[in-house]
Amino acid sequence: MRYVYDHDLHIHSQISLCSKDPEQTPERILQYAKENGLRKICLTDHFWDEAVPDTIEWYKIQNYEWIAKSLPLPRAEGIQFLFGAECEMDKDTRIGLTPRYYDKLDFIIVPTTHLNNIGFSLTEQQAQSAEGRAQAWLKKLEGLLYSGLPYHKVGAAHLACSLISKKREEYLAVLDMLPEDRLRTLFRRAAEIGIGIELNSSDMSFKENEAQTVLRIFEIAKMCGCRFYLGSDAHCPKGLDKAKEIFERAIDYLELKESDKLEFCKL
Ligand SMILES: [Zn+2]
Ligand SMILES: [Zn+2]
């Protein structure tokens, strides 16, 4: 059976400092779920647990108290509206989350590819070249896969994020540079621990001639037995509205079946 688009586990509300769109409310997000027949959605605003020191100002504000302003989430029959967070990993693979919040967050997504944030999520030296960025990509994903987080409810967010490099040419070069044997080792580990691999609608908005480069990592992940979840990463209603078409295209490209779906999506 073909993979069904029935969930979205990566959605921001206006609370995220990079959204600030007054229309991007939990109610509007729930409406999106209704319109698309989704059964499970998750709010994942940017978050840093202040118990982990030495973060940047932007994250200091976005602590638990901040993201919890969205609670309680609105309800609708047949839809599970979960409360999660998009945590952050710094250049030393430290994640801004401690066990005190594991139970408070229904789903935890960890981006390893916010490589735009030089000095914090990427070293100055790594930022100098495509090779350096590729090394950071590999090191940070490995860090996540050995982080000890409660893997059954964790997702590796946007592995092909455009923030890997603002220059599209360099972005594609970084993805092409990731060695297949390393990817296989990492994705076998990901499959073993049961962490979710995100199909992010921004990553999946590639041009036809970029498909091979962008999809290669996900094809290897699939081959290694990884399971996937969908995440629109919408920061505004427009992002919600265009998600369906992008997801359906990605599902076709990767020929995903229901058996490739992350177990967490099905609960
Ligand atoms: Zn992100
Ligand atoms: Zn996000």
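Each remark here, short or long, concerns the structure printed above.
Visitor: Sorry if this is basic, but what is going on with helix H7 (residues 180-193) here?
Guide: A turn of α-helix holds 3.6 residues, and therefore any two residues three or four places apart point the same way. Compared with an ideal rise of 1.5 Å per residue, which puts 14 residues at 20 Å, H7 spans 20 Å between its outermost C-alpha atoms and is within 8% of the ideal. For H7, every residue scored as buried is listed here: Leu183, Leu186, Phe187, Arg189, Ala190 and Ile193. The buried residues of H7 all sit within an arc of 155° when viewed along its axis, so they share a single face. Projecting away from the buried face of H7 at angles above 90 degrees are the exposed residues Asp181 and Glu192. Of the surrounding secondary structure, the elements contacted by the buried residues of H7 are helix H5 (130-145), strand S6 (196-200) and helix H8 (211-223). Taken from the residues just after H7, glycine 194 is the one with a positive phi, measuring 80°.

Visitor: Explanation requested: the side chain of aspartate 260 in the structure shown.
Guide: Assignment of secondary structure puts aspartate 260 in the loop between helix H10 (243-254) and helix H11 (263-266). Among buried charged residues, aspartate 260 stands out as having no salt bridge; its nearest opposite-charge side chain is lysine 222, 4.6 Å away. Within polar-contact distance, the side chain of aspartate 260 engages the backbone nitrogen of lysine 257 at 2.8 Å. When near neighbours in sequence (up to four residues on either side) are disregarded, aspartate 260 contacts Tyr3, Lys222, Cys226, Arg227, Phe228 and Glu255.

Visitor: Sorry if this is basic, but what is going on with the coordination of the zinc ion (ligand 2) here?
Guide: Ideal values for angles at a metal depend on the geometry: 109.5 degrees with four tetrahedral donors, 90 or 180 degrees with six octahedral donors. Protein ligation of the zinc ion (ligand 2) involves His10 (NE2), His12 (NE2), Glu86 (OE) and Asp233 (OD), the donor distances falling in the range 2.0 to 2.2 Å. Classification of the site at the zinc ion (ligand 2) rests on its four donor atoms, whose angles at the metal span 80 to 171°, yielding the label irregular. Spacing between the donor residues of the zinc ion (ligand 2) along the chain follows H-x1-H-x73-E-x146-D. The metal-metal distance between the zinc ion (ligand 2) and the zinc ion (ligand 1) is 3.5 Å, with glutamate 86 serving as a donor to both. Residue histidine 12 is located in the loop between strand S1 (7-11) and helix H1 (26-35), and its partner glutamate 86 is located in strand S3 (residues 80-86); the two are separated by 74 residues in the primary sequence.

Visitor: So what exactly am I meant to see when it comes to the sheet that holds strand S7 (residues 227-231) here?
Guide: Two orientations exist for strands paired in a sheet by backbone hydrogen bonds: parallel and antiparallel. Pairing within the open sheet is parallel, and its seven strands lie in the order S1-S2-S3-S4-S5-S6-S7. Taken across any chain shown, the strands that pair with only one partner, and hence form the sheet edges, are S1 and S7. Ignoring strand direction, the axes of neighbouring strands in this sheet form an average angle of 30°. The pairing of strand S2 (residues 40-46) with S3 spans seven bridges and is parallel. Bridging across to S3, histidine 46 finds its partner in glutamate 86.

Visitor: Looking at this model, I keep getting lost on the coordination of the zinc ion (ligand 1). Mind explaining?
Guide: The coordination sphere of the zinc ion (ligand 1), as far as protein atoms go, consists of Glu86 (OE), His114 (NE2) and His158 (NE2), spread over 2.1 to 2.2 Å. Every donor residue of the zinc ion (ligand 1) comes from the same chain, spaced as E-x27-H-x43-H. Look at histidine 158 and you get buried, because its relative accessible area is 2%.

Visitor: Quick question: what am I supposed to make of the pattern of salt bridges here?
Guide: Under the defined criterion, the tally for this structure stands at 17 salt bridges. As a salt-bridge pair, aspartate 241 and arginine 28 come within 3.1 Å of each other at their nearest N and O atoms. With a gap of 213 residues between them, aspartate 241 in helix H9 (residues 237-241) and arginine 28 in helix H1 connect regions that are remote in the sequence. Here arginine 189 makes a salt bridge to glutamate 192, at a shortest N to O gap of 3.8 Å. With a gap of three residues between them, arginine 189 and glutamate 192 both fall in helix H7, about one helical turn apart. If you follow the salt bridges from partner to partner, you end up with Arg2, Lys244, Glu248 and Asp252 in one network.

Definitions and cut-offs
Residues numbered from 1 in each chain as written. Chains lettered and ligands numbered in written order. Predicted model: local features only at pLDDT ≥ 70, side-chain atom pairs only at ≥ 80, totals over all residues. Heavy atoms only, no water. Helix = DSSP H or I, 4+ residues; strand = E, 2+ residues; numbered from the N terminus. Expected span 1.5 Å × (residues − 1). Buried < 20%, exposed > 50% of the residue type's maximum accessible area, 1.4 Å probe, protein only. Arc of directions from axis to C-beta. Contact = heavy atoms within 4.5 Å. Lys, Arg positive; Asp, Glu negative; His and termini not counted. Salt bridge = Lys/Arg side-chain N within 4 Å of Asp/Glu carboxyl O. Polar contact = N/O pair within 3.5 Å; in protein donor to acceptor, adjacent residues only side chain to side chain. Donors = N, O, S within 2.8 Å, 3.2 Å for Na, K, Ca; no water. Tetrahedral: all angles 85-135°; square planar, octahedral: opposite > 155°, others 65-115°. Pairing = 2+ DSSP bridges. Axes fitted to C-alpha atoms, helices over the stretch in contact; angles between N-to-C directions.

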